[in-house]
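Close look at the chain arrangement
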Amino acid sequence: MDTLRDKTAVVGVGASPQGKFPGSSALSLAVEAFKRALDDSGLKKDQIDGLLTMPGTTAPEAGLNYLRLGETLGIDPRYTGSMNMGGGTAGSLLHQAALAVNAGMANYVACVFGDAAATGGSRFNRASGWGDSYGIWGFMAACANSAIAASRHMALYGTTSKQLGEIAVACRKHASMNPDAIMRKPITIEEHQASRWIVKPLHLLDCCLISDGGVCLIVTTKDRAKDLKQPLVLMSGMGQAYTTQNMERDDWWYVPHQKLALDDAYKMAGVGPKDIDVAQLYDNFTMSVLLWFEHGGFCKVGESGSFVEGGRIQLGGELPINTAGGNHSESYMEGWLHLVEGVRQMRGACGERQVKGAEVCLVTGRGQALNCANATILRKG
Amino acid sequence: MDEYKKPLPTISDENRGFWDGAKRGKICMQKCGDCGHIRYPISHCCPKCLSLKFAWTDLSGRGSVYSYVVFHQLYNQAFKEDVPYNVAMVQLEEGPRMFSNVVGVDNDAVKVGDLVEAVFDAVTPEVTIPRFKLPSKA
């Protein structure tokens, strides 16, 4: 069977400044990111013939975001569309871009996201269900789903809040080496423990940031990428899977589709967990990261709590994660910056936080009420 | 009595069986008329076999705490007097799971795995909300 292993390249990455920028909009931040990614790639605007977008929570045009962005950028694409899977969108759109360029439906696809969530004060609230809202019982906000997962994981396997804290500490340590990160002051486990409860068993420092910013990645085929200016970074493996049923599945809380997405990505790339040199794991809440280790085969079911102890997931450890700081400390770009950092690690362009000799990077995304998951394996070309 | 300001269901033909059941003091869910699957959340069709046939069926009201969280963050002003309050994911004896609250005890008194039984909280003349309690001590 023919596969897309190593046939696609990410040739341009760019991000706007990250933080809180009153006066900016989802659109203006997306445009800034696009310009930076275009410059990074060395392509001309008129060469971009594919445009895939994620409407930020503050983009009023929602599902018609692709039209607004195309008009603003002056691009009339051969291939376009918008998708919203929350934190599962970035990886899904990157995969869609890979399919499009390999099918010949576009040559250079820009995947673009912009959001002014910090300024716009938008809420992330798919947690409350569709019809008879779970809000009747006070169940609301994204944190609640991860708290449900953490509470059950703790009860079944003895996982502790301090172990969750190891993830927050690692993200912050790495952000301290990233001049573009929003939160750069290192934190301790004690500070994690002392931070206020949000939805117990999750503390404030178990939660990601809410940020303004934009991110763009440009995708083409490996053959076209060879003529461009950046070191070659290939998409070796891609996988996606979804659990749409929350209450109907007794393992919904365990996010079982993460394993399916990872297994597909490993299979396409022809690698396994032992081959991963560095990982950018979607961290809306610390609990999410624990489950990635279990589903990715880095440790056994129930053992992720002890797995993350002792500096294993920090730079210099066996499996450094979220080397730019992740959603927790770099900026909450819903996983888009995880892909950017993965590309930069594979270029060897991360300076102080570069994982030396890294050739394979796993990047994961997840979104909505534990519903969406994807995995991308990037490789140094 | 103060007006109840927290979220209420919009009762419709689709969900009336559940809320009428609660007024009668029962957890009442839809049982598929073809495959027998008891489903939740409420839906017009069975997620197992897509049958449109179902009967509203009274359940025992017994279950156990499947997962359990305590909201300290105030996301909706209507819960201002309630924080910190708990939400339990309850595994019902007959198979379905639902979110609800465990009432009558401190938040710290409830653990995953605890047995619970339904109690019914008439919050308005029209709406009774099913909640749960730990079993009465003998």
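Heads up: the structure comes first, above all this text.
The structure displayed is predicted, hence computed values, not measured ones. (Residues numbered from 1 in each chain as written. Chains lettered and ligands numbered in written order. Predicted model: local features only at pLDDT ≥ 70, side-chain atom pairs only at ≥ 80, totals over all residues.)

Check the secondary structure of chain A and you find 13 helices and eleven strands. By the compact-globule yardstick of 21 Å for 381 residues, chain A fits well, its C-alpha radius of gyration being 19 Å. If one aligns the C-alpha atoms of chain A with their principal axes, the spans along those axes are about 55 × 45 × 40 Å. Counting across all 381 residues of chain A, residues that qualify as buried make up 62%. A fraction of 77% describes how many contacts in chain A between residues 6 or more apart in sequence connect residues 24 or more apart. (Helix = DSSP H or I, 4+ residues; strand = E, 2+ residues; numbered from the N terminus. Rg over C-alpha atoms; globule rule 2.2 N^0.38 Å. Buried ≥ 20, exposed ≤ 12 C-beta atoms within 10 Å, placed from the backbone. Contact = placed C-beta atoms within 7 Å.)

Right, let's talk about the overall build of chain B for a bit. What chain B contains, in helices and strands, is one helix and eight strands. Reading the helices (α) and strands (β) of chain B from amino to carboxyl end gives α-β-β-β-β-β-β-β-β. The globule rule puts the C-alpha radius of gyration for 138 residues at 14 Å, and the 16 Å found for chain B is close to it. Here the C-alpha coordinates of chain B stretch approximately 45 × 35 × 30 Å along the principal axes. Within chain B, the fraction of its 138 residues that count as buried is 30%. Nonlocal contacts in chain B, meaning residues at least 24 apart in sequence, comprise 48% of its contacts between residues at least 6 apart.

Our focus in this paragraph is unusual backbone geometry. All names here are of chain B. Here Tyr40 and Pro41 are connected by a cis peptide whose omega angle stands at 5 degrees. Along the polypeptide, Pro41 turns up in the loop between strand S2 (38–39) and strand S3 (54–58). Here the bond from Val83 into Pro84 is cis, since omega is -10 degrees, no more than 30 degrees from zero. Within the fold, Pro84 resides in the loop between strand S4 (62–71) and strand S5 (85–92).

Attention now moves to the sheet that holds strand S10 (residues 360–367) of chain A. Residue and element names in this part refer to chain A. The strand order across the open sheet built from nine strands is S3-S2-S4-S7-S1-S8-S11-S10-S9, with neighbouring strands paired in mixed fashion. Among the strands making up the open sheet, the edge pair consists of strand S3 (79–82) and strand S9 (278–280). Neighbour-to-neighbour, the strand axes of this sheet turn through a mean angle of 25 degrees, independent of strand direction. Strand direction decides the pairing type here: strand S4 (residues 109–116) and strand S7 (residues 212–221), joined by eight bridges, are antiparallel. For Val112, the partnering residue across the bridge sits in S7 and is Cys216. The strands that helix H9 (residues 257–269) touches are strand S8 (233–242), S10 and strand S11 (372–380); relative to S8, the one it contacts most, it runs at about 150 degrees. (Pairing = 2+ DSSP bridges. Axes fitted to C-alpha atoms, helices over the stretch in contact; angles between N-to-C directions.)

All names here are of chain B. If you trace the three strands from one edge of the open sheet to the other, you get S2-S1-S3, paired in antiparallel fashion. Of all the strands in the sheet, the pair left with one neighbour each is S2 and S3. Contacts from helix H1 (residues 16–23) reach strand S1 (28–32) and S3 within the one sheet, and its direction differs from that of S1 by about 135 degrees.

Attention shifts here to the interface of chain A and chain B. Think of interface size as the accessible area that goes away when the parts come together; that is how it is often given. Each partner contributes residues to the interface: chain A has 27 residues there, and chain B has 33 residues. Elements with a contribution of two residues or more to the side of chain A that touches chain B: helix H5 (142–157) and strand S5 (197–200) of chain A. Residue contributions to the side of chain A that touches chain B peak at six residues, all from H5(A). For the side of chain A that touches chain B, the class distribution of residues is 15 nonpolar, seven polar and five charged. Where S5(A) and S4(B) come together, two bridges link them in antiparallel fashion. (Nonpolar A, V, L, I, M, F, W, Y, C, P; charged D, E, K, R; others polar.)

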